[in-house]
Amino acid sequence: MNAQEIQTAILAAHRGRFDGHPPVAVGPFHDEDPVYRGAKAACAALGFIEVDAECLGRAWQAVTQRRLGRFDASAWPDSPADFGLRDFPPQSREDAFAPCPVALGLYAVLPDAEWVGRAARAGIPTVQLRFKSDDAAAVAREIDAAIAAVRGTDALLFINDHWRQAIAAGAYGVHLGQEDLDALTADEVQELRASGLRLGVSTHGYAEMVRADAVSPSYLALGAVFPTTLKKMATAPQGLARLHDYARLMRGYPLVAIGGIDADRLPQALASGVGSIAVVRAFVGADDPEAAARLLMARMREAPRA
Ligand SMILES: Cc1ncc(COP(=O)(O)OP(=O)(O)O)c(N)n1
Ligand SMILES: Cc1nc(C(=O)O)sc1CCOP(=O)(O)O
Ligand SMILES: [Mg+2]
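Only a predicted model underlies this, so the values are computations on that prediction, with no experimental measurement involved.

Moving on: the UniProt feature "domain: Thiamine phosphate synthase/TenI" (unreviewed entry) in the protein. Using the residue numbers shown here, the UniProt feature "domain: Thiamine phosphate synthase/TenI" (unreviewed entry) corresponds to residues 113-282. Along residues 113-282 the backbone is 42% helical and 18% strand, and the end-to-end C-alpha distance reaches 18 Å.

Shown next as structure tokens:
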């Protein structure tokens, strides 16, 4: 088959799954291989941004080579090896970050220590302090207060962004975005790993999952599933079809879905196979946050799992 035929076959097999993503102009090709070229063009037409279309083109090429040259348009790549990832499960790697539970459950992302305490006392099993400030003293105070606020509860506390202060204060773990990770030197990654704190990393598509996997973090966050008004996102909402594919590919990791999830949408997101659902507004923005927490946790218990 030539590249055009491969592109047409992939679109015919998968277009229906990715409705709602406008086509993206395909970027440069780096190889003559027709499967790579056809698959990359098809994935751009399915709305994958350039870096993700490139990853998928290469993955489709790898799947086809693994099948001794037999191209199968129905076989969406879902094997870590086809994306060049190292051995799965990642926890077995020598450079793995400390493990965390596969099912982190309901995960509340919170603006300050007071909210952290409120979420922990409401019985939410995983909480994150997402305190945005450039004032190092204020950050240190808020982290200490968040650690005090979860004492006596079972909540696992992650700290967003401020990894050195999180180590100093003895938090359970740290959550970093892609830019935060890129800003770390190899020695700093090793310092964080050696601290024994768990590391969660944000991802928003294939290229970011591959990037995150390079440091073998404790969990991966997959976002934004639905539109969110909490912050300006650099990438479009991924939607449920992509979430399912990402969760299947990265199933060796504890996975957290985030972005626009509320009690009504929670079961659909959980059906992807993720072990955790992260929320901000569904808890912090509720008229009665404790009642909202009870409802969200009940939905987590009752929702059918993948
Ligand atoms: C569970 C979870 N997932 C994703 C994020 C986003 O983190 P990041 O990319 O570092 O962006 P900011 O939260 O810092 O704006 C998160 N905080 N938690
Ligand atoms: C902080 C954050 N990070 C996201 C990501 O996709 O990385 S989405 C998000 C906001 C989630 O808030 P809400 O549940 O109110 O939509
Ligand atoms: Mg961050």
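There's plenty left to go through after this.
Mapped onto this numbering, the UniProt entry gives "binding site: 4-amino-2-methyl-5-(diphosphooxymethyl)pyrimidine" (unreviewed entry) at Gln128, Leu129, Arg130, Phe131, Lys132, Asn160, Ser202 and Lys231. Among the residues examined, Arg130 registers 20 C-beta atoms within 10 Å and is labelled buried. In this structure Arg130 touches Val109, Leu110, Pro111 and Asn160, once residues within four positions along its chain are discounted.

Another point: the confidence of the model for the protein. On average, residues of the protein score 96 in pLDDT, and 100% of them are at 70 or above. The ipTM, which scores confidence in the relative placement of chains, is 0.99 for this predicted complex, and the corresponding pTM is 0.97.

This part covers the site of ligand 2. Near ligand 2 lie 16 residues; those nearest to it are Gly223, Ala224, Thr228, Val280 and Arg281. Partitioning the shell around ligand 2 into residue classes produces eight nonpolar, six polar and two charged.

The element strand 3 (residues 156-160) is extensively covered by neighbouring structure, given that five of its five residues are classed as buried. Judged by which residues are buried, strand 3 turns out to be covered on both faces: Leu156, Phe158 and Asn160 on one side and Leu157 and Ile159 on the other are all buried. Two elements, strand 2 (residues 126-129) and strand 3, share four bridges in a ladder whose sense is parallel. Note on strand 3: the bridge partner recorded for Val127 is Leu157. Running through helix 5 (residues 136-150), the crossover from strand 2 to the neighbouring parallel element strand 3 is right-handed. Sheet topology places strand 3 next to strand 4 (residues 173-176); three bridges connect them, and they run parallel. Following the sheet pairing, Ile159 is matched in strand 4 by Val174. Taken together, strand 3, helix 6 (residues 163-169) and strand 4 form a β-α-β motif whose crossover is right-handed.

Okay, the packing of helix 2 (residues 34-45) against helix 3 (residues 50-66) next. Between two packed helices, the angle of one axis relative to the other and the distance separating the axes together describe the packing. As a packed pair, helix 2 and helix 3 sit with axes 8 Å apart at the nearest point and diverge in direction by 140°. By the angle class used here, helix 2 and helix 3 are oblique. Two packed elements cross with a definite hand, and for helix 2 against helix 3 that hand is right-handed. Touching Val35, Tyr36, Ala39, Lys40, Cys43 and Ala44 of helix 2 are Asp52, Ala53, Glu54, Leu56, Gly57, Arg58, Trp60, Gln61 and Thr64, all from helix 3.

Now for the site of ligand 1. Close to ligand 1 lie 18 residues, the nearest being Gly177, Ser202, Ala221, Ile258 and Ala278. Classifying every residue of the shell around ligand 1 gives seven nonpolar, seven polar and four charged.

Moving on, we come to the sheet that holds strand 7 (residues 255-258). Read around the barrel, eight strands follow the order 1-2-3-4-5-6-7-8 and close on themselves; strand pairing throughout is parallel. With direction set aside, neighbouring strand axes in the sheet form an average angle of 25°.

Between helix 3 and helix 9 (residues 206-213), the least distance of the axes is 7 Å, while the angle of their chain directions is 75°. Here helix 3 is positioned roughly perpendicular relative to helix 9, judged by the angle of their axes. Packed against helix 3, whose contacting residues are Val51, Asp52, Cys55 and Leu56, the element helix 9 presents Tyr206, Ala207 and Val210 at the interface. The class makeup of the residues in the contact of helix 3 with helix 9 is six nonpolar, no polar and one charged.

Let us now look at the nonpolar core. In a soluble, globular protein the nonpolar side chains are often hidden away together inside. One finds Val116, Ala119, Leu157, Val256, Ala257 and Ile277 to be the most contacted residues of the largest nonpolar core, which totals 97 residues. In terms of residues, this core owes the most to one element, helix 2, which gives eight residues. When residues of this core are assigned to domains, at least three map to each of domain 1 (3-77) and domain 2 (90-302). Those residues in contact with Leu157, other than ones at most four positions away along the chain, are Val116, Val127, Leu129, Ala146, Ile147, Val150, Ala171 and Tyr172.

Note on helix geometry: an α-helix contains 3.6 residues per turn, so any two residues three or four positions apart are oriented the same way. Of all nine residues that make up helix 4 (residues 113-121), seven are buried, and the element is covered over most of its length. Within helix 4, the full set of buried residues consists of Ala113, Trp115, Val116, Gly117, Arg118, Ala119 and Ala120. Next to the buried residues of helix 4 lie strand 1 (105-110), strand 2, helix 5, strand 3, helix 12 (281-284) and helix 13 (289-302). The first or second residue beyond helix 4 is Gly123, which carries a positive phi of 90°.

Definitions and cut-offs
Residues numbered from 1 in each chain as written. Chains lettered and ligands numbered in written order. Predicted model: local features only at pLDDT ≥ 70, side-chain atom pairs only at ≥ 80, totals over all residues. UniProt positions renumbered as here; feature names shortened; annotations may be inferred. Helix = DSSP H or I, 4+ residues; strand = E, 2+ residues; numbered from the N terminus. Buried ≥ 20, exposed ≤ 12 C-beta atoms within 10 Å, placed from the backbone. Contact = placed C-beta atoms within 7 Å. pLDDT = per-residue confidence, 0-100. Near = placed C-beta within 6 Å. Nonpolar A, V, L, I, M, F, W, Y, C, P; charged D, E, K, R; others polar. Pairing = 2+ DSSP bridges. Right-handed = clockwise from strand over helix to strand, strands pointing away. Axes fitted to C-alpha atoms, helices over the stretch in contact; angles between N-to-C directions. Parallel < 35°, antiparallel > 145°, perpendicular 65-115°, else oblique. Left-handed = near helix turned anticlockwise from the far one by under 90°. Core = buried A, V, L, I, M, F, W, Y, C linked by C-beta atoms within 7 Å. Domains from an automatic or database assignment.

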